[in-house]
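Fold and contact review
Listed below are the residues making up each chain.
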Amino acid sequence: MARKFSELRSKMSPAARAHSEARARAMLAEMPLQELRVARGLSQQALAASLKVRQASISKLERRGFQRRRDPERVVLRVTEAREPE
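Residues numbered from 1 in each chain as written. Predicted model: local features only at pLDDT ≥ 70, side-chain atom pairs only at ≥ 80, totals over all residues. Heavy atoms only, no water.

The next thing to look at is the pattern of salt bridges. Inspection of every chain in the model, using the stated rule, returns one salt bridge. A salt bridge links Glu 62 to Arg 37; its shortest N-O distance comes to 2.5 Å. One end of the pair, Glu 62, is in helix α5 (residues 55–64); the other, Arg 37, is in helix α3 (residues 33–39), and 25 residues separate them in sequence. In this structure Arg 37 comes out as buried when scored by relative accessible area, which is 9%. (Salt bridge = Lys/Arg side-chain N within 4 Å of Asp/Glu carboxyl O. Helix = DSSP H or I, 4+ residues; strand = E, 2+ residues; numbered from the N terminus. Buried < 20%, exposed > 50% of the residue type's maximum accessible area, 1.4 Å probe, protein only.)

Set out below in structure tokens:
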């Protein structure tokens, strides 16, 4: 029977947990914004509402790539934390 990742993570050493979290952040930072948004099940409109910007801004970021922004980590963090509005 498969175990939950939270159970496995609780048994990891603090160093291993930190390493795992750093690798996950690095992989998310490399992921294209559209792919990340779709993986989270968010529409452009829902993501725009979460980031307090217009939907057209999200579309532009996806077309041009957001890696050129000054702080792409902030965008990635907000996308990973975003939820579909109810």
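Next comes the rest of the description.
The next point concerns α5. Every buried residue of α5 is listed here: Ile 58, Ser 59, Leu 61 and Glu 62. Buried residues of α5, viewed axially, fall in a sector of 160 degrees; they line one side. Away from its buried face by more than 90 degrees, α5 exposes Arg 63 and Arg 64. Against α3 and α4 (44–51) lie the buried residues of α5. (Arc of directions from axis to C-beta. Contact = heavy atoms within 4.5 Å.)

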